[in-house]
Protein chains: 2
Amino acid sequence: MGLVVQKYGGSSVADAEGIKRVAKRIVEAKKNGHQVVVVVSAMGDTTDELIDLAEQVSPMPSGREFDMLLTAGERISMALLAMAIKNLGHSAQSFTGSQAGVITDSVHNKARIIDVTPGRIRTALDEGNIAIVAGFQGVSQDKKDITTLGRGGSDTTAVALAAALDAEVCEIYTDVDGVFTADPRVVKKARKIDWIAFEDMLELAASGSKVLLHRCVEYARRYNIPIHVRSSFSGHEGTWVSSAPIEQGDKPVEQAIISGVAHDTSEAKVTVVGVPDKPGEAAAIFRTISDAEINIDMIVQNVSAASTGLTDISFTLPKAEGRKAIDALEKNRSGIGFDSLRYDDQIGKISLVGAGMKTNPGVTADFFKALADAGVNIELISTSEIRISVVTRADDVNEAVRAVHSAFGLDSDSDEAVVYGGTGR
Amino acid sequence: MGLVVQKYGGSSVADAEGIKRVAKRIVEAKKNGHQVVVVVSAMGDTTDELIDLAEQVSPMPSGREFDMLLTAGERISMALLAMAIKNLGHSAQSFTGSQAGVITDSVHNKARIIDVTPGRIRTALDEGNIAIVAGFQGVSQDKKDITTLGRGGSDTTAVALAAALDAEVCEIYTDVDGVFTADPRVVKKARKIDWIAFEDMLELAASGSKVLLHRCVEYARRYNIPIHVRSSFSGHEGTWVSSAPIEQGDKPVEQAIISGVAHDTSEAKVTVVGVPDKPGEAAAIFRTISDAEINIDMIVQNVSAASTGLTDISFTLPKAEGRKAIDALEKNRSGIGFDSLRYDDQIGKISLVGAGMKTNPGVTADFFKALADAGVNIELISTSEIRISVVTRADDVNEAVRAVHSAFGLDSDSDEAVVYGGTGR
């Protein structure tokens, strides 16, 4: 039996009862012969309450102090969890990110892990302890200041520790049963995925699936750490995310052609209208955007109208960044050269993800047919080797997701998954 | 202008408004040209709420984890305070006890400071920052674990930092105007003391005065750091505690003969009845008590009754330790040799403190007369060079305090303080 890293999110440790329930599950793993490292998030709404306090004392809190403040949340949950485990007769020690050796850069509020030196964790394990580590936080390499890793940071902490400790698996406990073929709140017949490859999971995460964040999956793939996403409220097997299928008893797991359908309504679309169709124009636009530190998602350039020599360039970005992007472009209008800007925040994105896609051209056609049959109009298209995404009206998103999910045989009561043969059909 | 250390207690930073008010006061000191180090406690009821959570997950939380938990409280208040100061246009950085170099022993929940290495604080100050330090906490020298200093620990943090940084003064901000000649809730006419010597303050603290704790005053005396106890809710001068009177404008401050009257109803009395009056008996009793790690206060041995060769030994101790003391003595009854034990938790202690006492024998007589005039019966007496304490019925305490306060001319509307001449009167 090897070492397992378990991560419990805020909803799993929302109150004293939750903490005691989680403690029992951790002790179970220890009793099964594992060395156990637990990464824990702040309890329930703690982080939101702290943010609220910060806003009351300062409209623009400094990054360093904001991180100092927020890290109090995990300090509380991890100490309580260690106490609860001891109360079950097992020894446990809690460690801050700094004590656990989570070394980051100095970018407060969204620091990146640059090294993990888990000497104290290793010692605690060797002495027979369960080690509890604060998620979401680290210490900066140069200034020794406390940092936080940004949204979903606890998952990244767990995977990084699993890599540094050469863990057998990183278990991510959450309030859902695993990764689904679509958001179960939208698609009632969505199915839990038993196994999914890192690449497909990366595309799902990038396309709006909220269960695992992109950065965490990326980290796991780089160090080849299998992730097991599962519910802390049940004993069910969840979803395995790894490079190759994991054997599950006598049930062989095959790689699906289509992994799932993701959707995202958190983005807006900016269209730069009347751009001269000459080299360097796109570069000027996206240099302006990147100088404003705005992350963009899809980019589409329309075919130039030969008569005018002008074209339109559209891109999508998080709604929260919309104002900033428009301001930056307007400010640089003369430098770039365009007629006007259009901003549209009533869009949605639907993505179909699957490793089988690259060898099955029919997938794309079936995807567009499903959307057409559902009467959904397509505004933008973007593809990768294993993903195809379209932008539609926000109002159409739920209907589009259901239609695509059903057309590809992903519905839970569908007997026949769609099978592609050869290089098309 | 030199360096000042300011300490703000939980009631001063109970909510966002309190934090903003305190921030203004800190900035005021900075504007006056001081280098400012601020030690802050957890907000209002935070610590109690955390203790409550701990009790919900474990009836006997481990010391290490309990300290990890509680230190989240100061982390929140100090980060918020730093944000509030920055919002006023001044630079501030917050530091945990560990970051501030507060090195302690490993006794969790009541660690002692063994060294202070404030290198990071000094750097922050030299760079023009206001340094905010978490009170009540440190890091253990051997294991590098987070520790807490026990009740009143933030005051000790402040004094220890003031000593290590060679501060001009340590200002302790609280919710009262300073140290009074008696508890103002009991004696309406109690007066604020302008200046009091370390020694007198030590005796008052040991006798039940709650404003400053004994350990903090002891530390200040050892390093000769003047303490200024004052209210964070007003601009009034408070009470100076130092080795020699501080000049205050043109008003010379003289050392009073009597500093004040303290009282304490948190103790109980144990009487060991029928102890053989021979060498080694008291030693056996108090070895038993100290082996049980119980701190005792007063000890009185009655005169032996010649006829029996037996005597009684009484001592007082915190009520919370009563059960433990009785159990320890009963268990060792045969080893010690006594007839019976009596336990009485309906007692109170009244103490008169003043440096003038040692050269004025009349003080003792006047003290007893005041108590007798008020009809208060005395059960035990104990004295030091500058203090005289008596134990009475708990019901008599308030009346006794008022009578003594008035008899020694301490009442605020009394024109004439009692004056002693020569070596008595």
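Residues numbered from 1 in each chain as written. Chains lettered and ligands numbered in written order. Predicted model: local features only at pLDDT ≥ 70, side-chain atom pairs only at ≥ 80, totals over all residues. Heavy atoms only, no water.

- Under an unreviewed UniProt entry, chain A has the name Aspartokinase and belongs to Streptomyces humidus.
- If you open the UniProt record of chain A and go to Function (unreviewed entry), you find "Catalyzes the phosphorylation of the beta-carboxyl group of aspartic acid with ATP to yield 4-phospho-L-aspartate, which is involved in the branched biosynthetic pathway leading to the biosynthesis of amino acids lysine, threonine, isoleucine and methionine."
- Under the Sequence similarities (unreviewed entry) heading, UniProt states for chain A: "Belongs to the aspartokinase family." (UniProt positions renumbered as here; feature names shortened; annotations may be inferred.)

**Let's talk about the overall build of chain A**
Item 1. A count of helical and extended segments in chain A gives 13 helices and 20 strands.
Item 2. Against the 2.2 N^0.38 benchmark of 22 Å for 425 residues, chain A shows a C-alpha radius of gyration of 24 Å, consistent with a compact globule.
Item 3. The C-alpha extent of chain A, read off along each of the three principal axes, is 80 × 55 × 30 Å.
Item 4. Counting all 425 residues of chain A, 54% fall into the buried class. (Helix = DSSP H or I, 4+ residues; strand = E, 2+ residues; numbered from the N terminus. Rg over C-alpha atoms; globule rule 2.2 N^0.38 Å. Buried < 20%, exposed > 50% of the residue type's maximum accessible area, 1.4 Å probe, protein only.)

**Remarks on the packing of aromatic side chains**
Item 1. Here the structure, examined in full by the defined rule, presents eight aromatic pairs over all chains.
Item 2. When the ring of F367 of chain A is compared with that of F368 of chain A, the centres are 5.8 Å apart and the planes differ by 45°; the resulting orientation is tilted.
Item 3. Take F368 of chain A: its relative accessible area is 25%, and that puts it in the partly exposed class.
Item 4. A cation over an aromatic ring shows up here: R222 of chain B above the ring of Y219 of chain B, its NZ or CZ 5.2 Å from the ring centre. (Phe/Tyr/Trp six-rings, centres within 6.5 Å; stacked < 30°, edge-to-face > 60°. Lys NZ or Arg CZ within 6 Å of the ring centre and 35° of its normal.)

**Some points on the environment of T147 of chain B**
Residues and elements named next belong to chain B.
Item 1. Note on placement: T147 falls in strand β8 (residues 146-148).
Item 2. Its relative accessible area of 0% is what places T147 among the buried residues.
Item 3. Once residues lying within four places of it in the same chain are set aside, the contact partners of T147 are D67, T71, T104, D105, H108, A111, F136, Q137, G138, V139 and S140.
Item 4. A polar contact is formed between the side chain of T147 and the side chain of T104, at a distance of 2.8 Å. (Contact = heavy atoms within 4.5 Å. Polar contact = N/O pair within 3.5 Å; in protein donor to acceptor, adjacent residues only side chain to side chain.)

**Thoughts on the interface of chain B and chain A**
Item 1. The interface of chain B with chain A comprises 41 residues on the first partner and 41 residues on the second.
Item 2. With both sides pooled, the region where chain B packs onto chain A buries about 3300 Å², and carbon together with sulfur makes up 63% of that total.
Item 3. Summed over the three residues of chain B that lose the most area to chain A, namely V57, R75 and M83 of chain B, the buried surface amounts to 23% of that side.
Item 4. Applying the counting rule to chain B against chain A returns two salt bridges. (Buried area = accessible area lost by both parts, 1.4 Å probe. Salt bridge = Lys/Arg side-chain N within 4 Å of Asp/Glu carboxyl O.)

**So, the pattern of salt bridges**
Item 1. By the definition in use, this model includes 40 salt bridges over all chains.
Item 2. Residue E171 of chain A is joined to R230 of chain A by a salt bridge in which the shortest nitrogen-to-oxygen separation is 3.5 Å. Here R230 of chain A lies in strand β11 (residues 227-231) and E171 of chain A lies in strand β9 (residues 169-174), a separation of 59 residues in the sequence.
Item 3. Salt-bridge contacts for D194 of chain B lead to K192 of chain B; the nearest nitrogen and oxygen are separated by 4.0 Å.
Item 4. The partly exposed category is assigned to K192 of chain B, whose relative accessible area is 28%.
Item 5. Where salt bridges share partners, they join R64, E65 and D145 of chain A together with R120 of chain B into one cluster.

**Description of the pairing of strand β7 (residues 137-140) of chain B**
Residues and elements named next belong to chain B.
Item 1. Bridge count for strand β4 (residues 102-104) against β7 is two bridges, and the pairing is parallel. Note that in β7 the partner of I103 across the bridge is V139.
Item 2. By the bridge criterion, three bridges tie β7 to β8 in an arrangement that is antiparallel. Its bridge partner being in β8, V139 is matched across the sheet by I146.
Item 3. Linking β7 back to β8 in an antiparallel pair, the connection comprises five residues, with K144 at a positive phi of about 60°. (Pairing = 2+ DSSP bridges.)

**What to know about the sheet that holds strand β18 (residues 347-353) of chain B**
Residue and element names in this part refer to chain B.
Item 1. Reading across the sheet, the four strands line up as β13-β18-β20-β19 and stay open at both edges, with antiparallel pairing between neighbours. The open sheet is flanked by β13 (260-264) and β19 (380-384), the only strands paired with a single partner. Strand-to-strand twist of the sheet, defined as the mean angle between neighbouring strand axes without regard to direction, takes the value 20°.
Item 2. Relative to β18, β13 runs antiparallel, the two being bridged by five bridges. Across the sheet, residue G260 finds its bridge partner in β18, namely V353.
Item 3. Helix-sheet contacts for helix α7 (residues 198-206) involve β13, β18, β19 and β20 (387-393), and the interaxial angle to β18 is about 175°.
Item 4. The sheet contacts of helix α12 (residues 362-373) involve β18, β19 and β20, and relative to β20 the element is tilted by about 20°. (Axes fitted to C-alpha atoms, helices over the stretch in contact; angles between N-to-C directions.)

**Digging into helix α8 (residues 214-223) of chain B**
All names here are of chain B.
Item 1. Residues of α8 that are buried: C216, V217, Y219 and A220. Across the axial projection of α8, the buried residues extend over an arc of 160°, all falling on one side.
Item 2. Turning to α8, the residues buried within the fold contact β5 (113-116), α6 (153-164), α7 and β11 (227-231).
Item 3. Once α8 ends, the next one or two residues include N224, with phi positive near 55°. (Arc of directions from axis to C-beta.)

**Side note on the UniProt feature "binding site: ATP" (unreviewed entry) in chain A**
All names here are of chain A.
Item 1. In this numbering, the UniProt entry assigns the feature "binding site: ATP" (unreviewed entry) to K7, Y8, G9, G10, T174, D175, R185, K210 and V211. For the residues just named, distributed over 205 residues, the greatest C-alpha separation reaches 23.9 Å, placing them at more than one site.
Item 2. Mapping G10 onto the fold places it in the loop between β1 (3-8) and α1 (16-31).
Item 3. Relative accessible area serves as the criterion here: at 17%, G10 is assigned to the buried category.
Item 4. Setting aside its immediate chain neighbours within four residues, G10 contacts S41, A42, M43 and G44.
Item 5. Within the secondary structure layout, T174 lies in strand β9.
Item 6. By relative accessible area, which is 18% here, T174 ends up buried.

**What about the domain arrangement of chain A?**
Item 1. Per the domain assignment, the segments of chain A are domain 1 (3-175) and domain 2 (254-419).
Item 2. Centre-to-centre separation of domain 1 of chain A and domain 2 of chain A, based on C-alpha positions: 36 Å. (Domains from an automatic or database assignment.)

**Let's talk about the pairing of β1 of chain A**
All names here are of chain A.
Item 1. Most of β1 is tucked away, with six of its six residues classed as buried.
Item 2. A two-sided burial pattern is seen for β1, the buried positions comprising L3, V5 and K7 on one face and V4, Q6 and Y8 on the other.
Item 3. Two strands pair when backbone bridges link them, and β1 and strand β2 (residues 35-40) are joined in this way by six bridges, in the parallel orientation. Within β2, the residue paired with Y8 across the bridge is V40.
Item 4. A crossover connection joins β1 to the parallel β2 through α1; in handedness this β-α-β unit is right-handed. (Right-handed = clockwise from strand over helix to strand, strands pointing away.)

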